[in-house]
Amino acid sequence: MRRNRSPLRWMPWAMLGVVSGLIWTWSPGSLFVLMVVLLSSVCLFFKAAPRDRRFLVALFLVGFLVRAALSLALDAGSWLVTGPGPHVLGPPLGEELNLSGYSRSYVRMGDSETNSERGYAIARYAEGDREPVIVHLATQGYGWNGFAYLVGWFYYAFGYSPYAIKLLNCVLGAWVGPAIFFLAAARFNPSIARWASAAVTWTPSLMLWSVAVLKESALTLLTALLLTVAMHLEQAKRPRTFMLCLLLFLAALVVHITFRSAVYSLALAGCVLLAGCLVRMKRAQRWLLVVAMAVGFIATYPRLQRFVVYAMQRHIGHIQTVGASYAYLPERYYVEDFMEPSRTAAAPLRLLGLPGVVVKAMSHYLLEPQLWRVTNLSQLLVAPQVLLWYFLLP
């Protein structure tokens, strides 16, 4: 005898369809982000070991929800501080982009607005718009990075949706925790991996970067992916596995280069390669390699002067911009005419002065912002995180 099924059995699916339709009508990009969250949760569930599934899925979902709530709270705050949020006033015309409202500049995240505007220009450029402001923003070299193309693709696919793109960045920020878990678990054990992934997920600065249109979350995620693939590359025993890992590593490295700079990314890849070589070498071979590298650097230093000057110019350029920075070169280099060719020719740093500069730069890099130099509210707010970093550094 055939059992009569209740017509209410379709109610959850019907409600899901209605809710999805409403979200799509309000913001197609937001529905896409929610689908990415669902797919990410499913992937984590099946990828992780059974003992780690609940932890990783919960870490990712809670990490995303907290970031999404913080992002929406900052959006609400922008309405109170600066008025209506970002929206399109009209089509771009001449030198005017015709976008109004900013949602992160009031909390001193101006780069978020810049990346959003550039992504909007890239989307309009792909649609065939050739207004001067569109061409300028889509093709200018200053401040260029690959993350803008991700924003541009999102705006091209779903229209200008400045709130939804922040939610997509929240997803990238929430993925950093599981990525660090897999990285740590590959070298240590699940307990250490859990502590490390939780610490990274709830680090305040990483959270703040992920609730704006900033590239840092994607860059951190790419870096973790590079290191994880490098570990699997080292452990690969089959030629097919080795080639797949190598191709994935090279692809991630290419994308990584577009997000920051070739020098930074290639230096990272070089350190990974060097570490892999050192692990496989005996102690005597390691010392021989270190001595050979030092002799080679000293011998080729005169030819490296151009690169050293370029690095110094980049550093001095950062010093002259708005924001927190630190100086590690001798004072004679911090002058306005340092960029002139006549001065650059006489500017190379002598080899004997290089070790002191490197040590000073590393100390600043590891200890900034220094708690004994707190001068404003922003530095005071990050003091607990800095204290935690001082504790973890040894």
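In this report, the structure presented in the accompanying data block is examined. (Residues numbered from 1 in each chain as written. Predicted model: local features only at pLDDT ≥ 70, side-chain atom pairs only at ≥ 80, totals over all residues. Heavy atoms only, no water.)

### Considerations on the packing of aromatic side chains
Item 1. According to the stated counting rule, one finds 17 aromatic pairs in the structure shown.
Item 2. With a centroid separation of 6.1 Å and an interplanar angle of 45°, the aromatic rings of Phe55 and Phe181 are classed as tilted. Here Phe55, found in helix H3 (residues 53–82), pairs with Phe181, found in helix H7 (residues 162–187); they are 126 residues apart in sequence, far enough to count as distant.
Item 3. Exposure remark for Phe55: the relative accessible area of 22% places this residue in the partly exposed category.
Item 4. Accessibility expressed as a relative area gives 3% for Phe181, which makes it buried.
Item 5. On the basis of an interplanar angle of 65° and a centroid distance of 5.1 Å, the ring pair of Tyr120 and Tyr160 is categorised as edge-to-face. Here the residue Tyr120 occupies a position in helix H4 (residues 110–126), and Tyr160 occupies one in the loop between helix H6 (147–158) and H7, the gap between them amounting to 40 residues.
Item 6. Residue Tyr120 is classed as buried on the basis of its relative accessible area of 6%.
Item 7. For Tyr160, a relative accessible area of 21% puts it in the partly exposed group.
Item 8. Through a chain of ring-to-ring contacts, the aromatic side chains of Phe32, Trp153, Phe154 and Phe158 assemble into a single cluster.
Item 9. Here the basic side chain of Arg53 rests over the ring of Phe45, its NZ or CZ set 4.8 Å away from the ring centre. (Phe/Tyr/Trp six-rings, centres within 6.5 Å; stacked < 30°, edge-to-face > 60°. Helix = DSSP H or I, 4+ residues; strand = E, 2+ residues; numbered from the N terminus. Buried < 20%, exposed > 50% of the residue type's maximum accessible area, 1.4 Å probe, protein only. Lys NZ or Arg CZ within 6 Å of the ring centre and 35° of its normal.)

### Section: the nonpolar core
Item 1. Within the largest apolar cluster, 44 residues are counted, with the highest numbers of intra-cluster contacts made by Val33, Phe64, Leu97, Phe154, Tyr155 and Ile165.
Item 2. Taken together, the elements giving at least two residues each to this core come down to helix H2 (28–47), H3, H4, helix H5 (132–139), H6, H7 and helix H10 (216–235).
Item 3. The residues touching Phe154, leaving out its near neighbours within four places in the chain, are Gly29, Phe32, Val33, Gly159, Ser161, Ala164, Ile165 and Leu168.
Item 4. Counting residues in hydrophobic clusters, the runner-up holds ten residues, among them Cys245, Phe249, Ala252 and Leu268. (Core = buried A, V, L, I, M, F, W, Y, C linked by side-chain atoms within 4.5 Å. Contact = heavy atoms within 4.5 Å.)

### Here we look at the pattern of salt bridges
Item 1. Summed over all chains, the structure comprises five salt bridges.
Item 2. Between Asp52 and Arg194 there is a salt bridge, with its nearest N and O atoms 3.2 Å apart. One end of the pair, Asp52, is in the loop between H2 and H3; the other, Arg194, is in helix H8 (residues 190–201), and 142 residues separate them in sequence.
Item 3. Classification of Arg194 by relative accessible area gives partly exposed; the value is 30%.
Item 4. For Arg124, the salt bridge identified is with Asp129, shortest N-O distance 2.9 Å.
Item 5. Residue classification places Asp129 among the buried positions, given a relative accessible area of 13%. (Salt bridge = Lys/Arg side-chain N within 4 Å of Asp/Glu carboxyl O.)

### A closer look at the packing of H2 against H6
Item 1. Closest axis-to-axis distance for the H2/H6 pair is 9 Å, and the angle between their directions is 120°. The crossing of H2 and H6 is right-handed. For the pair formed by H2 and H6, the contact residues are Pro28, Gly29, Phe32 and Val33 on the first element and Trp153, Phe154 and Phe158 on the second.
Item 2. Of the residues assigned to the contact of H2 with H6, the class counts are six nonpolar, one polar and no charged. (Axes fitted to C-alpha atoms, helices over the stretch in contact; angles between N-to-C directions. Left-handed = near helix turned anticlockwise from the far one by under 90°. Nonpolar A, V, L, I, M, F, W, Y, C, P; charged D, E, K, R; others polar.)

### Details of unusual backbone geometry
Item 1. Of the consecutive residues Glu368 and Pro369, the connecting peptide bond is found in the cis state with omega at -10°.
Item 2. Summarising the element assignment, Pro369 is placed in the loop between helix H16 (354–367) and helix H17 (377–381).
Item 3. One non-glycine residue, Asn98, lies in positive phi territory at about 60°.
Item 4. You can see Asn98 is positioned in the loop between strand E1 (87–88) and strand E2 (99–100).
Item 5. You can call Asn98 partly exposed: its relative accessible area is 25%.

### Some points on the packing of H7 against H8
Item 1. Taken N-terminus to C-terminus, the directions of H7 and H8 make an angle of 155°; their axes are 8 Å apart at the nearest point. Between H7 and H8, the interaxial angle falls into the category roughly antiparallel. Crossing hand, H7 versus H8: right-handed. Of H8, the residues touching H7 (which contributes Val176, Gly177, Ile180, Phe181, Ala184 and Ala185) are Pro190, Ala193, Arg194, Ala196, Ser197, Val200 and Thr201.
Item 2. When grouped by side-chain class, the residues that make up the contact of H7 with H8 number nine nonpolar, three polar and one charged. (Parallel < 35°, antiparallel > 145°, perpendicular 65-115°, else oblique.)

### Section: a nonpolar patch on the surface
Item 1. Residues Val374, Leu377, Leu380, Leu381 and Val382 make up a contiguous nonpolar surface patch of roughly 460 Å² in combined accessible area.
Item 2. Considering the arrangement of structural elements, one finds Leu377 in helix H17.
Item 3. Given the relative accessible area of 58%, Leu377 is considered exposed. (Patch = residues over 30% accessible without salt bridge, like charges linked within 9 Å, V, L, I, M, F, W, Y side chains within 5 Å. Areas by Shrake-Rupley, 256 points an atom, 1.4 Å probe, with all protein chains shown as cover.)

### Thoughts on H3
Item 1. The terminal C-alpha atoms of H3 lie 43 Å apart, and with 30 residues this matches the ideal 44 Å at 1.5 Å per residue to within 8%.
Item 2. Gly83 sits one or two positions beyond H3 and adopts a positive phi of about 95°. (Expected span 1.5 Å × (residues − 1).)

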